[in-house]
Amino acid sequence: MEHALLGSPMNLFKQRGEREVVVGNAGVVRILRCGAAVRDLKEGDVCLVFCVGDLDDYGYPRTILGFDSPGTMGVLAKRARFRHDQLIRLPEKSALSLRQWAAFSLRYITAYSNWISASQVWRTQMEDAFPHECHVVGWGGGVSFAQLELAHMHGCPATLISATEAHRTAINRRGVVAIERSSGSEGDERLIAQLLERTGGRGASIFIDNIGANFRLTMRALARQGVITTCGWRENMVFPISRAAECIARRTHVFTHYAPRKHGLEAVEFAEARGWAPDVAAQAFAWEDIDQLASAYINGAIDDYFPIFEVNKP
Ligand SMILES: NC(=O)c1ccc[n+]([C@@H]2O[C@H](COP(=O)([O-])OP(=O)(O)OC[C@H]3O[C@@H](n4cnc5c(N)ncnc54)[C@H](OP(=O)(O)O)[C@@H]3O)[C@@H](O)[C@H]2O)c1
């Protein structure tokens with residue numbers, strides 16, 4: 001939604017060319033009515049929104065529902081219409097709350113899919129060192145938060161770099177180490193020294209950079225055979241790299257966009273079995289306050305990676 005409001009990386013309202021667009025691609029819905037051809041879902045089912053739009057021939061999303069997929073309606077609608085493969089039925093009597101599933105739906109599934117690619121790619125060269133010497137490091141953000149906990153659950157040492165104390169405390173509670181981010185060259189040198197110390201002088205094995213604000217530092221901190229992995233871009237879309245240095249260090253670059261359905265289903269199953277989900281605040285933002293929430297989030301005034309808004313009462 002932030003990308004939609006800022007019109008970056010594309011003005012989706014112009015691109016879609018529709019009279020009205022309802023955005024929003026993370027949430028939980030209840031089915032009111034099913035089309036006659038739908039076999040796997042029924043009225044009353046509670047589902048997570050699996051926000052794929054148009055898929056390629058292998059089931060990977062090209063576009064995203066409630067964002068750049070033409071004709072789709074996002075979760076800011078009080079009632080919306082979805083294709084059956086845009087919903088994943090939640091486990092009955094789930095150990096997780098609906099609010100946790102709502103927070104899970106976009107970022108955790110993105111994190112899961114990116115982790116599958118990044119970890120497998122690292123293992124093609126470093127299998128014998130997985131998981132204990134696979135140091136996973138990420139800049140802040142909800143997707144990194146989810147992915148670092150997942151890495152930790154797979155036995156990898158994981159580190160979040162964050163400027164916000166509340167984020168560092170939250171990730172520490174999940175068993176992941178947090179390092180403070182501060183600006184300026186002194187802050188960068190301190191950060192590099194801390195990362196080298198934490199990784200036995202080798203650097204990060206897998207660096208999750210969904211932000212792009214300090215690509216130079218990301219590359220400096222990456223180990224040999226390292227994987228730089230991303231699903232997003234907050235500040236810079238173009239990263240200059242030295243091809244020679246990357247070849248000599250045998251590094252790999254991984255890019256992913258949301259997830260194929262197989263990863264969505266696996267992520268939900270893993271989350272239910274292992275309790276892999278964010279803590280969410282007891283209070284949800286009301287429908288009328290969503291625009292304030294959006295501006296506050298963009299301005300960094302919300303300390304919580306996973307604020308929840310409520311469109312309809314559950
Ligand atoms: N392709 C996909 O399917 C997909 C899915 C989800 C997200 N994304 C993209 O991935 C990116 C991250 O999304 P998200 O939801 O994880 O992020 P987010 O929660 O919105 O990230 C905000 C956080 O980024 C960190 N940050 C901000 N400026 C920074 C800077 N200059 N240097 C380092 N860290 C900085 C801050 O964390 P601290 O306060 O903790 O430092 C901030 O709280 C976005 O561009 C998003 O669109 C893509």
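Cut-offs applied
- Residues numbered from 1 in each chain as written.
- Predicted model: local features only at pLDDT ≥ 70, side-chain atom pairs only at ≥ 80, totals over all residues.
- Heavy atoms only, no water.
- Helix = DSSP H or I, 4+ residues; strand = E, 2+ residues; numbered from the N terminus.
- Contact = heavy atoms within 4.5 Å.
- Near = heavy atom within 4 Å.
- Polar contact = N/O pair within 3.5 Å; in protein donor to acceptor, adjacent residues only side chain to side chain.
- Areas by Shrake-Rupley, 256 points an atom, 1.4 Å probe, with all protein chains shown as cover.
- Nonpolar A, V, L, I, M, F, W, Y, C, P; charged D, E, K, R; others polar.
- Salt bridge = Lys/Arg side-chain N within 4 Å of Asp/Glu carboxyl O.
- Buried < 20%, exposed > 50% of the residue type's maximum accessible area, 1.4 Å probe, protein only.
- Domains from an automatic or database assignment.
- Buried area = accessible area lost by both parts, 1.4 Å probe.

A. Focus on the side chain of Ser119. Assignment of secondary structure puts Ser119 in helix H3 (residues 98-126). Not counting residues within four places of it along the chain, the set of residues in contact with Ser119 comprises Phe130 and Ile206.

B. Representation of the site of the ligand within the structure. Among the 25 residues in the neighbourhood of the ligand, the closest are listed as His3, Ser162, Thr164, Cys231 and Tyr305. In the environment of the ligand, a nitrogen atom lies 2.7 Å from a nitrogen or oxygen atom belonging to the backbone of Cys231. Separating an oxygen atom of the ligand from a side-chain N or O atom of Tyr305 is a distance of 2.4 Å. Taking 930 Å² as the accessible area of the ligand by itself, protein coverage stands at 85%. Of all the secondary-structure elements, those providing two or more residues to the shell around the ligand are H3 and helix H4 (142-153). Considered class by class, the residues forming the shell around the ligand number 10 nonpolar, 11 polar and 4 charged.

C. Representation of the pattern of salt bridges within the structure. Under the counting rule described, the total for this entry stands at 17 salt bridges. Arg99 is the salt-bridge partner of Glu310, the closest N and O atoms lying 3.5 Å from each other. Of this pair, Glu310 sits in strand E11 (residues 309-310) while Arg99 sits in helix H3, and the two are 211 residues apart along the sequence. Residue Arg99 is classed as partly exposed on the basis of its relative accessible area of 26%. Residue Arg202 is joined to Glu133 by a salt bridge in which the shortest nitrogen-to-oxygen separation is 3.7 Å.

D. Region of interest: the domain arrangement of the chain. Partitioning the chain into structural domains gives domain 1 (2-104 + 276-310) and domain 2 (107-255). One C-alpha centre belongs to domain 1, the other to domain 2; they are set 27 Å apart. In this complex, domain 1 contributes 17 residues to the contact, which on the side of domain 2 involves 22 residues. Summed over both sides, the interface between domain 1 and domain 2 buries roughly 1700 Å², with carbon and sulfur atoms accounting for 60% of that surface. Inspection of the domain 1/domain 2 interface yields 2 salt bridges. A salt bridge links Glu2 to Arg234; the shortest N-O distance between them is 3.5 Å. In this assembly, domain 1 and domain 2 are joined by 10 residue pairs in polar contact (both at pLDDT 80 or more). Contributing elements (two or more residues each) for the side of domain 1 that touches domain 2: helix H1 (2-6), H3 and helix H10 (290-298). Across the side of domain 1 that touches domain 2, the residue classes break down as 12 nonpolar, 1 polar and 4 charged.

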